[in-house]
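Working through the structure, step by step
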Amino acid sequence: MLKVSNLHAGIEGNEILRGINLEVKPGEVHAIMGPNGSGKSTLSAVIAGREDYEVTEGHIDFNHEDIADLAPEERAHKGIFLSFQYPIEIPGVTVTNFLKTSINEMRKAQGLEPMKANEMLKKMREKMELLEMDKGFLSRSLNEGFSGGEKKRNEIFQMAMLEPKLAILDETDSGLDIDALRIVANGVNKLKSPENATIVITHYQRLLEHIVPDFVHVLYKGRIVKSGRKELALELESKGYDWIKEELAV
Amino acid sequence: MNNVDQLKDKLESSFIVFENELNGQSKSPVHKIRQEAFKVFEEKGFPTKKDEEWRYTNLRPILKHDYRIFTENENPIDFKDVKKYFLTDVDTYKLVFIDGVFSSWLSETTHSKFDICTFSSMLDKYEDVSEKYFNKALPQDESFVAINTAFAKEGAFIRIKKNETVDKPVQVLFFTSKLEHDAFFQPRNLIVVEENAEVTIVERHQSLSDHNVLTNSATEIFAEKSSRLNYYKVQNDGPNASLIDNTTVQQFGKSVVNIGTFAFGNKFVRNNLNIMIQEEHTESYMDGITILGEGQVVDHHTLADHKFANCYSSELYKGIYDGNSKGIFNGKVMVHPDAQKTNAFQQNNNILLTDKASVDTKPQLEIFADDVKCSHGCTIGQLNEDAMFYMQARGIPAKEAKALLLYAFANDGLRNVKIKELRKKLNKLIATKLKVDLDFEL
């Protein structure tokens with residue numbers, strides 16, 4: 001589904017990603033871990049198409065198509081979803097209207113008619129229940145005044161509504177208390193299918209207790225320096241990232 | 001002689017012609033006021049950038065044209081040609097003027113429980129009204145007000161009697177027909193909302209002419225005790241039309257006044273909006289949305305004049321500037337020594353979409369009372385790039401994302417628009433102005 005090969009990318013001439021290789025197949029959950037500043041968020045932004053970053057070398061293929069030159073919205077239309085580490089507050093646009101616009105633009109790109117209002121409402125109710133969200137939430141301005149937990153829940157709610165092929169969860173666990181973490185993780189797990197894939201980007205192991213990865217990759221200084229099964233995450237948790245740094249120094 | 005002096009000269013000779021045509025009326029008290037006003041203009045002339053109140057605006061390009069001062073209703077207008085400028089889903093009273101002349105067949109007036117008719121008929125019929133109200137609200141030392149007063153003859157007269165609520169909105173429309181020459185108009189409106197009465201008014205100026213049109217409009221509003229007034233100005237005229245709007249509200253105890261100014265079009269607009277608070281416990285709202293493109297200038301000058309205690313004023317102006325457009329916001333809040341417990345709020349937020357667009361924003365708070373709550377904030381910024389990426393990442397194309405963000409930014413300027421159809425029309429205007437086809441009925 002996603003094939004990243006020898007990806008180099010940076011911002012304003014500073015190289016942050018220095019040759020990433022990553023392959024994600026349908027049905028898989030990949031975790032990308034790494035210390036602060038290792039390039040985790042850059043990787044997710046580059047896959048999602050943030051234009052501030054410049055890809056200097058390598059490829060990003062999505063379903064056998066090079067997407068490096070596509071605008072963020074075109075990547076979204078192909079089924080890539082990025083859950084933001086820091087969801088943006090947009091005063092004046094309600095959650096409902098944002099979702100309505102988002103869904104209908106996605107449908108437009110696929111040559112479909114706008115979704116019927118009652119159909120949309122039904123789907124919203126269903127997904128909100130999944131994430132244990134309150135109805136009143138729909139008429140609030142997008143992310144404005146939301147708590148950290150509400151923002152993340154809202155991200156996963158949007159993901160549930162948009163049903164992406166590839167979901168990238170960028171530090172979805174940050175700012176969540178244990179209950180919210182459970183609800184969010186539960187939501188993600190329920191949305192999993194053999195056709196879609198998930199990349200979980202996280203600093204800590206604790207999210208991976210709830211969303212169990214098939215593969216764990218360690219990102220350090222812009223490269224994936226170690227890959228393994230879910231046990232790698234536990235090892236990282238007990239030994240810390242210094243262990244990796246030392247191993248690399250040898 | 002330069003073009004601006006020529007226009008002054010022309011106004012002087014036109015005033016003599018105007019007086020000669022008045023015949024018997026030239027001795028009336030109203031005409032005395034006109035003569036005095038004209039003297040003010042003769043002495044002061046047109047304002048220049050040296051005047052503090054006009055320092056950001058160059059009037060020369062507006063005043064240089066060869067305007068005709070007297071224009072009769074030269075070309076008929078069919079309703080179908082101007083239908084789009086009317087609210088048509090709701091029943092309304094209508095006062096329609098074409099080339100400065102009242103158009104009875106496009107209008108719907110009443111004299112039953114309230115007067116919704118013309119300024120000229122008020123002058124004819126209600127001497128007591130003109131004596132009590134004419135030229136009593138507006139500032140006397142403003143050149144454009146003086147010109148308007150000197151030539152005051154026609155416009156809207158709306159008087160809502162005590163305890164009456166007007167059952168439907170009032171539309172006041174000034175059309176310029178397809179004139180073959182440049183023209184200068186002086187519409188004069190008088191609005192009196194008596195004690196505990198209520199009315200909602202929508203005002204528009206639309207030119208159908210390809211020639212230069214300058215409208216120098218003056219509106220006096222008296223909101224008496226416990227009255228409620230909503231007044232919406234829709235400014236979306238053509239690229240050859242300019243508007244100087246002078247509106248002053250005299251606001252009395254416990255009244256609630258809400259003025260919305262929505263500026264999307266015209267070559268040049270200057271709004272002088274003054275709210276003069278004359279008694280305690282009033283509420284005043286001034287809201288504005290300005291969205292401009294290439295070649296447009298809009299200059300908002302507002303005043304909330306707090307002379308009495310325990311009053312609330314709230315001002316919210318949003319501006320979006322594209323191309324080489326230019327915006328000015330000068331918001332004055334005056335709190336006099338006796339106006340204790342004043343609560344005055346002012347906010348002006350602007351987004352510049354290009355390097356060539358500009359805005360001068362100047363909050364001007366003069367506070368002479370000590371127990372007051374006054375706040376103001378002005379911002380000038382660009383579109384939030386993070387928000388753009390966020391929306392695009394959710395599949396919303398850049399153009400629509402931009403429009404949605406701008407719409408959301410401007411939207412709270414519509415907070416006090418109480419006519420649903422007008423909201424819809426304004427939403428549509430915003431969408432058109434932002435060049436997108438989005439359903440903005442959010």
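Cut-offs used in this document
- The residue numbers shown here count from 1 along each chain, following its written sequence.
- For naming, the first written chain is A and the first written ligand is 1, with later ones following in the order written.
- Selection of residues for local features in this predicted model requires a pLDDT of at least 70, selection of side-chain atom pairs for listing and counting requires 80 or more, and totals for whole chains, interfaces and linings are taken over all residues.
- Remark: hydrogens and water are excluded; side-chain values derive from all non-hydrogen atoms of the structure.
- Each helix is a run of H or I in the DSSP string that is no shorter than four residues. Each strand is a run of E no shorter than two, and both are numbered from the N terminus.
- When accessible area is computed with a 1.4 Å probe and restricted to protein chains, residues below 20% of their type maximum are described as buried, those above 50% as exposed, and intermediate ones as partly exposed.
- In what follows, a contact means two residues having at least one pair of non-hydrogen atoms within 4.5 Å.
- The protein chains shown are the only cover counted for residues, whose accessible areas, like all others here, come from Shrake-Rupley with a 1.4 Å probe.
- A pair of strands is labelled paired if DSSP reports no fewer than 2 bridges between them.
- Throughout, the arc means that of the directions going from the helix axis to the C-beta atoms.
- Angles run from 0 to 180 degrees between N-to-C directions of axes, and those axes are lines fitted to C-alpha atoms, restricted for helices to the stretch in contact.
- Only Phe, Tyr and Trp rings are paired, with Trp represented by its six-membered ring, and only when their centres lie within 6.5 Å; those with planes under 30 degrees apart are stacked, over 60 edge-to-face, the remainder tilted.
- Domain extents, as shown, originate in an automatic or database domain assignment.
- Buried area: the accessible surface (1.4 Å probe) lost by two parts on joining, summed over both.
- Salt bridge, as applied in this entry: a Lys or Arg side-chain nitrogen positioned within 4 Å of an Asp or Glu carboxyl oxygen.
- Residues adjacent in sequence count toward polar contacts only when both atoms are side-chain atoms; beyond that, a polar contact is any pair of N or O atoms within 3.5 Å, and within protein one must be able to donate a hydrogen and the other to accept it.
- Left-handed describes a crossing whose near helix is turned anticlockwise from the far helix by less than a right angle; the clockwise case is right-handed.
- All residues other than Ala, Val, Leu, Ile, Met, Phe, Trp, Tyr, Cys, Pro, Asp, Glu, Lys and Arg, Gly among them, are scored as polar; the first ten of these are nonpolar and the last four charged.
- By convention in this document, the label disulfide applies to cysteine sulfur atom pairs within 2.5 Å.

Take the overall build of chain A next. In terms of helices and strands, chain A carries nine helices and twelve strands. Taking the principal axes of its C-alpha atoms as reference, chain A extends roughly 60 × 40 × 35 Å. Residue burial in chain A is summarised as follows: out of 250 residues, 54% are buried. Considering only contacts within chain A whose residues lie at least 6 apart along the sequence, 68% involve residues at least 24 apart. Counting only carbon and sulfur atoms, one obtains 47% of the accessible surface of chain A, whose full area is about 11500 Å².

All names here are of chain B. Across the ten residues of strand β17 (residues 326–335), eight count as buried, placing the element largely inside the fold. Pairing between strand β15 (residues 297–306) and β17: ten bridges, direction parallel. Counterpart to H300 in the pairing with β17 is F329. For β17 and strand β19 (residues 358–367), the ladder comprises ten bridges, and the chain directions are parallel.

Before going further, it helps to examine helix α8 (residues 231–239) of chain A. Every α-helical turn comprises 3.6 residues, leaving residues that sit three or four positions apart pointing alike. All names here are of chain A. Where α8 is concerned, the buried positions are L232, A233 and L236. With its buried residues spanning 105 degrees around the axis, α8 presents them on a single face. Remark: G240 follows α8 within two positions and exhibits a positive phi of approximately 80 degrees.

All names here are of chain A. If you trace the six strands from one edge of the open sheet to the other, you get β6-β9-β10-β3-β11-β12, paired in mixed fashion. The open sheet has two free edges, formed respectively by β6 (80–83) and β12 (223–228), since each of these has just one partner strand. When strand polarity is set aside, the average angle formed by the axes of neighbouring strands in this sheet is 20 degrees. Bridge analysis of strand β9 (residues 166–170) against strand β10 (residues 197–202) gives five bridges, and the strand direction is parallel. Residue A167 lies in a different strand from β10, and its bridge partner there is T198.

Now for the packing of aromatic side chains. Going through the model one piece at a time under the given rule, you end up with 27 aromatic pairs over all chains. Centre to centre, the rings of F84 of chain A and Y390 of chain B are 4.8 Å apart; their planes meet at 80 degrees, and the pair counts as edge-to-face. Of this pair, F84 of chain A sits in the loop between β6 and β7 (90–94) while Y390 of chain B sits in helix α8 (residues 385–393), which puts the two residues in different chains. The interplanar angle of 5 degrees and the centroid separation of 4.3 Å between the aromatic rings of F15 of chain B and F38 of chain B together place this pair among those described as stacked. Highlighted residues: F15 of chain B in helix α1 (residues 3–22) and F38 of chain B in helix α2 (residues 29–44), separated in sequence by 23 residues. Of the residues examined, F15 of chain B reaches a relative accessible area of 6% and is grouped as buried. An aromatic cluster is present here, built from F15, F18, F38, F41, F46, W54, F70, F144 and F151 of chain B joined pairwise through their rings.

Below, the discussion takes up the domain arrangement of chain B. Residue and element names in this part refer to chain B. According to the domain assignment, chain B contains domain 1 (3–279) and domain 2 (385–442). Its C-alpha centre places domain 1 at a distance of 31 Å from the equivalent point of domain 2. Between domain 1 and domain 2, the residue contacts involve 17 residues of the former and 13 residues of the latter. Carbon and sulfur atoms supply 68% of the area buried between domain 1 and domain 2, which totals about 1300 Å² over both sides. Where domain 1 packs against domain 2, one counts zero salt bridges. The tally of links from domain 1 across to domain 2 stands at eight residue pairs in polar contact (both at pLDDT 80 or more).

This next bit is on the environment of K78 of chain A. As for its placement among the helices and strands, K78 of chain A is situated in helix α2 (residues 72–78). Separated by 14 residues in the primary sequence, K78 of chain A and H64 of chain A have C-alpha atoms spaced 12 Å apart.

All right, on to the packing of α2 of chain B against helix α7 (residues 143–150) of chain B then. Residues and elements named next belong to chain B. Interaxial distance between α2 and α7 falls to 8 Å at its minimum, and their mutual angle equals 145 degrees. The way α2 lies across α7 gives a crossing that is left-handed. Taking contact as the criterion, the partners of I33, R34, A37, F38, V40, F41 and K44 in α2 are, on α7, S143, A146, I147, T149 and A150. Class assignment of the residues belonging to the contact of α2 with α7 gives a composition of eight nonpolar, two polar and two charged.

On to the sheet that holds strand β8 (residues 198–207) of chain B. All names here are of chain B. Spatial ordering of the open sheet is given by β2-β1-β5-β8-β10-β12-β14-β16-β18-β20, a layout of ten strands whose pairing is mixed. Both outer strands of the open sheet, β2 (101–102) and β20 (373–381), are each paired with one neighbouring strand and no more. Two strands pair when backbone bridges link them, and strand β1 (residues 93–98) and β2 are joined in this way by two bridges, in the antiparallel orientation. Across the sheet, the residue bridging to F97 is F102, located in β2.

Between chain B and chain A, the residue contacts involve 21 residues of the former and 31 residues of the latter. For the pairing of chain B and chain A, the buried interface totals around 2200 Å² over both sides, and the portion due to carbon and sulfur atoms is 65%. Ranking the residues of chain B by area buried against chain A places F389, Y390 and R394 of chain B at the top, with a combined share of 38%. Its salt-bridge partner being D386 of chain B, residue R50 of chain A comes within 2.8 Å of it at the nearest N-O pair. Run the count over chain B and chain A and you get eleven residue pairs in polar contact (both at pLDDT 80 or more).

As a further point, take the state of the cysteines. Residue and element names in this part refer to chain B. Tallied over the entire structure, the rule returns zero disulfides over all chains. No disulfide involves C374; its nearest neighbouring cysteine sulfur is the one of C311, lying 12 Å away. Among the residues examined, C374 registers a relative accessible area of 25% and is labelled partly exposed.

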